[in-house]
Structure formats: structure tokens, C-alpha cells
Amino acid sequence: MKIGIDTEYAAEILTQGGLVGIPTETVYGLAGNATDEHVVKKIFKAKNRPSNDPLIVHLHAVEEVKKYVRDCPDELYDVARHFWPGPLTILLPKTSTIPDCTTSGSELVGLRVPNHALTLDLLRRIPFPLAAPSANPFSYISPTTAQHVLDQLSDQVDYILDGGPCGIGVESTIVSYLDGKLKIHREGGISREAFESYGIKTWNGTAATMANVPGNFLKHYSPLTPVQIIDAVNEIPANVHHSGLIYFGDSMDVSGFNEVKNISPQGNLNECARNLFGTMRNMDRMNLHCIYILRFPNKEIGRALNDRIERAAVKRKIKST
Ligand code: TXA
Ligand code: MG
């Protein structure tokens, strides 16, 4: 059986150089030994991922950081202690224990302590950290259940730890530290507002204007069906035959659509995050002409959701222009 909750077995596989699907609070990861070049290359191959797109390295505790980085400012340690375990990835100068291929040649490594009991238990059982990109084929939507991983990568993984549906549903926020402020490289599970209310300043600019990191590809998180973003209910085109609609909040006139899903009738952005990727996946299997998605309010986790749907819509924009 490929799916289960046996962390001892998962640890054995990883120790032998195998790959394991792991649950996290954000999305499922495709994990292997981050310090073993051979294993890291296997991860890139399994995902069909270009080698210039670095992998995040997962640890079980903040105390582990010093094993893998040359330097970490005290202020960043404070941030890490506050937000870990949690959906935060911090870029720091790596030691040679982390091979260059894990970071795609960058001097910086992205580190994070995920907030999921099974994966923390697994990490404590092994003497090395885990490189884990999201467990989807390159540029597809990230998986938020063990079944999603099995559906697409069953031949590439040796085992999948089933930790249930992901509690957050959107990837971690990636930050670096520059002149006393956090620079956000990817919006994610921890919002800019959360950093600010903890008392740490952030540089202005959205993930899109900071798209200078390797791997921050414009087309990403994308279903095969074209995606179109709608800014307001009255913008829905007249002919939506054979199309799907993903929206949130008060019910609206959805006549004409083949498939409709309200991912949070209360309009709760955290609930939207939990449900968005799974709903996009389901609709992608329905042979629809287009999936329309209502844009989220540009605040808190809504910013990360807008980033993902904008990337998902890129293919469509290219087609129609
Ligand atoms: O929530 C998450 O972060 C999930 C779970 C599994 O932890 N992981 C995830 O990994 O989303 P992935 O590989 O799908 O996205 C990681 C992105 C890369 O595409 C890259 O843009 C950025 O993180 N990244 C990783 N290491 C980096 C580095 N050393 N320098 C710059 N960007 C980096
Ligand atoms: Mg990914």
C-alpha cells in the first residue's frame, strides 16, 4: 500500500534514498534527503522541474537552522521562533552541507519548519533535513490531499504519508531579510499584515514585482483548462457555456455555468485558501472550456490567492491576446 501513516516506514525509505509524499499545513510536498545530491536530482526529475528552480529545505525545529546556514541575524531568529512551526520559508546563506543543486546554485537556502504533526514526527526520526517542493508535476496546481499526490505522482513516490487535507491550503510565504525589513519573495500562508502586527516591517512591493528569484515563474499553479479572473459579479460574460465558476461570499446569479462552487459562503479568506486548489483540480477534470474565478480582496491571505490565480490565468491571457 502506497498511502499510510507509518512514519517509521517513511523514515526508512528516506534513509535509503527514496522519495515520500509528506503532508504539511500548506500543501503536500515531495520529500527526499536535502543533503544528498543524487536524491535531490531524483526530486527534480520526478516533478519534471527545471534545475534552476530551488527546493525548500524542511527542519523539525528552529535549533536546526544553525547546522545549515552560515549566519542568521537575531531579529530573524525571533521571527522564526514566533512563526514556526508554520507557513514561513526564510532565505539564508547556506553551508556546504546543503548541496548546490538543492538551491539551484544559489548561496541562499530556503528553510522552513512545517506545522504538521506527522511530518514533524518523521523529521525527528531522520538525521538529515528534507528537500520538498510541492508534490505536483511542474507548473500544475499544488496538492492539498494525499489522493492528489497519488493521482499524479504515484509512480514517482515510494510512499505517501496521509495527514488529511491541508489546513491552510496555499504555499508558505518566502522571505529574506534586508536592512532590518522582510522582503517578501512569495506571498503565502503568513500575510504581510501578520508580520506587521508582530512588529516587523516589510518592504513594499508584491510578489509579482519581486519576481527576480530563480523559480518564480510567471505561469504556475495552473490547471490544463484555461482560467479567467473576473473582478466583479457584473463582469461575467454573457456566454459561459461549458464553463465553471469558483466564487465566495453571498450567492450570485450563476445561470449558464455548467459547474459552480462557492468555496466560502461566509466569504472567509482562510476558508477560500483551504478550498481553492482542490476545487480548481476537480473542475479541471470536467472538460470545461474555461474556469472563471472571482478575484479575492487584496488583503491578508487573499493576496496570496490572487497571486496564484493570476499565474494560473497566464496561459489563457497568452491565448486571447
Ligand atoms: O508551503 C510550501 O512552501 C511547500 C511545502 C511543501 O513546504 N513547498 C513549496 O515548494 O511550495 P515549491 O518548490 O513548490 O516552491 C518553492 C519555491 C521555488 O519555486 C522558489 O521560487 C522558492 O521557493 N525558493 C526555494 N528556495 C529558494 C532559494 N534558495 N532562493 C530563492 N527562492 C527559493
Ligand atoms: Mg510548487
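Above this text you will find the structure in question.
Keep in mind the model is a prediction, meaning the values are calculated, not measured.

Draft legend 1. Focus on unusual backbone geometry. In the segment running from W84 into P85, the intervening peptide bond is cis, with an omega of -10°. The residue P85 is located in the loop between helix 4 (74-83) and strand 5 (88-93) in this model. Positioned with a positive phi, S139 is a non-glycine residue whose angle comes to about 75°. Topologically, S139 is positioned in the loop between strand 7 (130-131) and helix 6 (146-153).

Draft legend 2. Here's a closer look at the pattern of salt bridges. What the rule picks out here adds up to 17 salt bridges. The partner of D151 in a salt bridge is R285, with the nearest N and O atoms 3.5 Å apart. Residue D151 is located in helix 6, and its partner R285 is located in the loop between helix 8 (269-284) and strand 14 (290-294); the two are separated by 134 residues in the primary sequence. Note on D151: relative accessible area 39%, which makes it partly exposed. By relative accessible area, R285 is classed as exposed at 63%.

Draft legend 3. Broad picture of the sheet that holds strand 10 (residues 181-186). Within the open sheet, the 10 strands sit side by side as 1-8-2-3-7-4-6-5-9-10. Their pairing is mixed. Two strands close off the open sheet at either side, each with one partner strand: strand 1 (3-4) and strand 10. By the bridge criterion, three bridges tie strand 2 (residues 20-22) to strand 3 (residues 29-33) in an arrangement that is antiparallel. What sits directly across from G21, in strand 3, is L30.

Draft legend 4. Local environment of the sheet that holds strand 11 (residues 227-230). Across the sheet, four strands lie side by side as 11-14-12-13; this open sheet has parallel pairing. Both outer strands of the open sheet, strand 11 and strand 13 (259-262), are each paired with one neighbouring strand and no more. For this sheet, the mean angle separating the axes of adjacent strands, direction not counted, is 15°. When strand 12 (residues 243-247) meets strand 13, the two strands line up parallel, connected through four bridges. Each bridged residue has a counterpart across the sheet, and for G244 the counterpart in strand 13 is E259. Sheet contacts for helix 8: strand 12, strand 13 and strand 14; angle to strand 12, the most-contacted strand, approximately 170°. Against the sheet, helix 9 (residues 301-312) engages strand 11 and strand 14, with an angle of about 135° to strand 11.

Draft legend 5. The pairing of strand 5, seen in detail. For strand 5, a buried count of five out of six residues is recorded, marking the element as mostly surrounded by other parts of the structure. Alignment of strand 5 against strand 9 (residues 173-178), held across three bridges, turns out to be parallel. Residue pairing for strand 9: T89 is matched across the bridge by I174. Sheet analysis places strand 5 next to strand 6 (residues 108-112), joined by four bridges and oriented antiparallel. By the bridge assignment, P93 is partnered in strand 6 with L108.

Draft legend 6. Structural view of the site of ligand 1. Lining the immediate environment of ligand 1, one finds 25 residues, of which T26, D53, H58, L108 and S172 sit closest. The separation between an oxygen atom of ligand 1 and a polar side-chain atom of D53 is 2.6 Å. S172 is positioned such that a nitrogen or oxygen atom in its side chain is 2.6 Å from an oxygen atom of ligand 1. Within the complex, the protein chains bury 96% of what would otherwise be the 680 Å² of accessible surface of ligand 1. Looking at the shell around ligand 1 element by element, the count peaks at four residues for strand 6. Residues of the shell around ligand 1, tallied by class, amount to 12 nonpolar, eight polar and five charged.

Conventions used here
- Residues numbered from 1 in each chain as written.
- Chains lettered and ligands numbered in written order.
- Predicted model: local features only at pLDDT ≥ 70, side-chain atom pairs only at ≥ 80, totals over all residues.
- Heavy atoms only, no water.
- Helix = DSSP H or I, 4+ residues; strand = E, 2+ residues; numbered from the N terminus.
- Salt bridge = Lys/Arg side-chain N within 4 Å of Asp/Glu carboxyl O.
- Buried < 20%, exposed > 50% of the residue type's maximum accessible area, 1.4 Å probe, protein only.
- Pairing = 2+ DSSP bridges.
- Axes fitted to C-alpha atoms, helices over the stretch in contact; angles between N-to-C directions.
- Contact = heavy atoms within 4.5 Å.
- Near = heavy atom within 4 Å.
- Polar contact = N/O pair within 3.5 Å; in protein donor to acceptor, adjacent residues only side chain to side chain.
- Areas by Shrake-Rupley, 256 points an atom, 1.4 Å probe, with all protein chains shown as cover.
- Nonpolar A, V, L, I, M, F, W, Y, C, P; charged D, E, K, R; others polar.

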